[in-house]
Amino acid sequence: MPVYVDNVRIPSRGAIWCHLVADSLDELHSFAKRLGLKRQWFQHAASYPHYDVTLPMREKALRLGAAEGSRVTIIECAHRLKADLIKERRIQAPCQMRLFE
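Some words on the packing of aromatic side chains
So, point 1. Taken as a whole and judged by the stated rule, the model has one aromatic pair.
So, point 2. Taken together, a centroid distance of 5.3 Å and an interplanar angle of 45 degrees make the contact between Phe 42 and Tyr 51 tilted. Side by side, Phe 42 and Tyr 51 carry an identical accessibility label, which is buried.
So, point 3. The ring of Trp 17 carries the charged tip of Arg 13 above its face, separated from the ring centre by 4.7 Å.

Here's the deal with helix α1 (residues 25-35)
So, point 1. For α1, the full list of buried residues reads Leu 25, Leu 28, His 29, Phe 31, Ala 32 and Leu 35. Across the axial projection of α1, the buried residues extend over an arc of 165 degrees, all falling on one side. Away from the buried face of α1 by more than 90 degrees, exposed residues Asp 26 and Lys 33 are located.
So, point 2. Turning to α1, the residues buried within the fold contact β1 (3-5), β3 (15-22), β4 (51-54), α2 (55-63) and α3 (71-87).

Definitions and cut-offs
- Residues numbered from 1 in each chain as written.
- Predicted model: local features only at pLDDT ≥ 70, side-chain atom pairs only at ≥ 80, totals over all residues.
- Heavy atoms only, no water.
- Phe/Tyr/Trp six-rings, centres within 6.5 Å; stacked < 30°, edge-to-face > 60°.
- Buried < 20%, exposed > 50% of the residue type's maximum accessible area, 1.4 Å probe, protein only.
- Lys NZ or Arg CZ within 6 Å of the ring centre and 35° of its normal.
- Helix = DSSP H or I, 4+ residues; strand = E, 2+ residues; numbered from the N terminus.
- Arc of directions from axis to C-beta.
- Contact = heavy atoms within 4.5 Å.

Written as structure tokens, this is what we have:
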């Protein structure tokens, strides 16, 4: 399963940041560990689950096999990752989704 980095380039805390996502939570956490990212840095409560990475870390991710993700790819991964978190009950489903449980 692929891992993706976007190219949004968000300036914050003296660095430029991008997002790291994957097709599954297991793949994302495994790849993040290879990059040297701490699990506590996982953004599970953000608008979509991801790791924030600096530009140098983004380049390292690409060298280790991550792909550059288009906006559409990142959004598709975001939906899958959020659904995985909801299944694991790590976050609460939006009201509309709970209707179908």
